[in-house]
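Structural features, examined
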Amino acid sequence: DTDRSRGLGDVYKRQILYLSNRHNVLTLKRTKNMARPVTLCTLQWGDLPLDVICEKAKSFGFDGVELGLPSHLDVRQTDPEYYRNIKVTLDKYGLQLFCISNHLVGQAICDNIDQRHKSVLPDYIWGDGDPDGVHLRAVENMIQAAHAARMLGVDTVVGFTGSSIWQWLYSFPPVTDEMVNEGYADFARRFIPILDEYQKLGVRFALEVHPTEIAFDTYSARKALEAIDYHPAFGFNYDPSHLGYQGVDYVDFINQFPDRIFHVHMKDVYWSDTPKQIGVFGGHSTFGDARRFWNFRSLGRGKIRFEEIIRALNDIGYQGPLSVEWEDSGMDREHGARESCAFVKQVDFLPSAHAFDACFER
């Protein structure tokens, strides 16, 4: 396996679950009887101050938060006191922090910049809207995110990359291999310098595999890894919701990239068993439109098979947080966050410490 043969280095080694044979004891680094922490991604709560969302997250039952930029963290800050204050707020509510998220700014790194980006980018990234300037400021901000992660004592930044070739998803007029390959080369040119800085700092970047990104299914995820020569600082934020409605085997994705699952989003999605007015591309409709073929749902109310995901995560030895990225246009978000936290804690389980039939042997 090319990916495994390269190794990740001491900083990046994953704690992998080994099974020497089907009867032998499993070696698991996670503390006995300790479930994975369940965290709340704050991206969808950007209208609330950090102190308020932390108070709510604790009341909903979460063990921690995934801090979303730019609403709840300004990575341009260099004063250690700024980061100490964030830690104080988290400690006040007994919340843990495992990663930070830089999705919106990350989108501008490889995208072809247009007016759509102005609505999601902070003014200090958008500037005058000149694409070259937006790209440069987005790259700088993504590197600043790695420094902020270290200041906060975490080693993972989750985010997007954008893509210069997403508009060619449907290959008509015909898209040549050369055009696609240039898109991946563009991604490599822009992201390898970022990843080199991350590696120096001992921080990993976890791309959320997602439509409009350079990797949006298993095949494109492999191409992205190949483009950057399997850089040790690059992996994935696993989110099954973005794979399921596309018809991608979202459980197999875990098995394909066991050493590259750096973080996990728990998010559900529903897709129809019968034809709808609006197909898998979503038309020009908004999320939540009942005419759509698919829509995000609160956890446990869609079609994602979470037990199979937990079993696969156990198989690869993933011990990190399960972060609820709550999205459901048809449900009150506080109700949804509370029930989603309970759902994840119910569905998660430790693997067995021994094969069930080991007791048959003498």
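A word on the nonpolar core
- The biggest cluster of nonpolar side chains holds 95 residues, and the ones touching the most others in it are Ile 100 and Tyr 198.
- Per-element tally for this core: the top contributor is helix 8 (residues 131-152), with eight residues.
- Residues in contact with Ile 100, not counting those within four places in the same chain, are Leu 67, Leu 69, Leu 73, Ala 145, Ala 148, Ala 149, Leu 152, Thr 156, Val 157 and Val 158.

Considerations on helix 10 (residues 218-227)
- Buried within helix 10 we find Thr 218, Ser 220, Ala 221, Lys 223, Ala 224 and Leu 225.
- In this fold, the buried residues of helix 10 make contact with helix 9 (177-201), strand 6 (234-238) and helix 12 (250-256).
- A side-chain oxygen of the first residue of helix 10 lies 3.4 Å from the backbone nitrogen of Tyr 219; this N-cap is Asp 217.
- Taken from the residues just after helix 10, Asp 229 is the one with a positive phi, measuring 55°.

Focus on the packing of aromatic side chains
- Within this structure, the stated rule accounts for 18 aromatic pairs.
- Between Tyr 82 and Tyr 83, the ring centres sit 5.0 Å apart and the planes meet at 90°, which makes this aromatic pair edge-to-face.
- Residue Tyr 82 is classed as partly exposed on the basis of its relative accessible area of 24%.
- Accessibility expressed as a relative area gives 2% for Tyr 83, which makes it buried.
- Ring geometry for Trp 294 versus Phe 296: centroids 5.2 Å apart, planes at 70°, classification edge-to-face.

Points about the confidence of the model for the protein chain
- For the protein chain, per-residue confidence averages 91 on the pLDDT scale, and 89% of positions sit at 70 or higher.
- Per-residue pLDDT stays below 50 along residues 1-32; that stretch engages in 66 contacts with residues further than four places along the chain or on separate chains.

Description of the pattern of salt bridges
- The full count for this structure, using the stated rule, is 20 salt bridges.
- Among the salt bridges present, the one from Arg 333 reaches Asp 47, with a minimum N-O distance of 2.9 Å. You can see Arg 333 sitting in helix 14 (residues 333-347) and its partner Asp 47 sitting in the loop between strand 1 (38-41) and helix 3 (50-60), a full 286 residues away along the chain.
- Note on Arg 333: relative accessible area 23%, which makes it partly exposed.
- Assessed through its relative accessible area of 56%, Asp 47 is described here as exposed.
- Here Arg 84 makes a salt bridge to Glu 81, at a shortest N to O gap of 2.7 Å. A residue pair is termed a helical-turn pair when its members lie 3 or 4 positions apart in one helix, as Arg 84 and Glu 81 do in helix 4 (residues 80-92) at three residues.

A look at the environment of Tyr 93
- Secondary-structure assignment places Tyr 93 in the loop between helix 4 and strand 3 (96-102).
- Accessibility expressed as a relative area gives 14% for Tyr 93, which makes it buried.
- Note: C-alpha distance between Tyr 93 and Asp 63 (30 residues apart in sequence) is 9.5 Å.
- What Tyr 93 contacts, discounting residues up to four positions off in sequence, is Asp 51, Cys 54, Glu 55 and Lys 58.

With respect to the side chain of His 231
- Along the chain, His 231 turns up in the loop between helix 10 and strand 6.
- The class of His 231 is buried, set by a relative accessible area of 7%.
- Polar contacts involving the side chain of His 231 include one to the main-chain amide nitrogen of Ala 233, which spans 3.1 Å.
- Once you skip the residues sitting within four places of it in the chain, His 231 turns out to touch Ile 192, Leu 195, Asp 196, Gln 199 and Arg 260.

Let's talk about a nonpolar patch on the surface
- Taken together, Leu 169, Tyr 170, Phe 172, Val 280 and Phe 281 make up a surface patch of nonpolar side chains, about 600 Å² in accessible area.
- Take Phe 172: it is sitting in the loop between strand 4 (156-159) and helix 9.

Here we look at the sheet that holds strand 10 (residues 322-324)
- The eight strands are arranged 1-2-3-4-5-6-7-10 in a closed barrel whose pairing can be described as parallel. Across this sheet, the average inter-strand angle for adjacent strands is 30°, counted without regard to direction.
- Bridge analysis of strand 6 against strand 7 (residues 261-266) gives three bridges, and the strand direction is parallel. Opposite Phe 236, over in strand 7, you have Ile 261 as the bridge partner.
- Where helix 5 (residues 103-110) meets the sheet, its contacts fall on strand 2 (64-68), strand 3, strand 4, strand 5 (204-208) and strand 7, and the angle it forms with strand 3 comes to roughly 35°.

Topic: the state of the cysteines
- Using the criterion set out here, one finds zero disulfides in the structure.
- Summary of cysteine pairing: Cys 99 is not part of a disulfide, and the nearest cysteine sulfur, belonging to Cys 41, is at 7.6 Å.
- For Cys 99, a relative accessible area of 1% gives the class buried.

Digging into unusual backbone geometry
- The omega angle of the peptide bond from Leu 69 to Pro 70 is 0°, so this bond is cis rather than trans.
- Mapping Pro 70 onto the fold places it in the loop between strand 2 and helix 4.
- Following Phe 172, the chain continues to Pro 173 via a peptide bond in cis, the omega torsion being -10°.
- Its location among the elements puts Pro 173 in the loop between strand 4 and helix 9.
- If you check the backbone angles, Asp 229 has positive phi at about 55° while not being a glycine.
- If you trace the backbone, Asp 229 turns up in the loop between helix 10 and strand 6.
- Classification of Asp 229 as partly exposed rests on a relative accessible area of 47%.
- Of note, Tyr 230 is a non-glycine position whose phi angle comes to about 55°, a positive value.
- With respect to the helices and strands, Tyr 230 occurs in the loop between helix 10 and strand 6.

Analysis parameters
- Residues numbered from 1 in each chain as written.
- Predicted model: local features only at pLDDT ≥ 70, side-chain atom pairs only at ≥ 80, totals over all residues.
- Heavy atoms only, no water.
- Core = buried A, V, L, I, M, F, W, Y, C linked by side-chain atoms within 4.5 Å.
- Buried < 20%, exposed > 50% of the residue type's maximum accessible area, 1.4 Å probe, protein only.
- Helix = DSSP H or I, 4+ residues; strand = E, 2+ residues; numbered from the N terminus.
- Contact = heavy atoms within 4.5 Å.
- Polar contact = N/O pair within 3.5 Å; in protein donor to acceptor, adjacent residues only side chain to side chain.
- Phe/Tyr/Trp six-rings, centres within 6.5 Å; stacked < 30°, edge-to-face > 60°.
- pLDDT = per-residue confidence, 0-100.
- Salt bridge = Lys/Arg side-chain N within 4 Å of Asp/Glu carboxyl O.
- Patch = residues over 30% accessible without salt bridge, like charges linked within 9 Å, V, L, I, M, F, W, Y side chains within 5 Å.
- Areas by Shrake-Rupley, 256 points an atom, 1.4 Å probe, with all protein chains shown as cover.
- Pairing = 2+ DSSP bridges.
- Axes fitted to C-alpha atoms, helices over the stretch in contact; angles between N-to-C directions.
- Disulfide = S-S within 2.5 Å.

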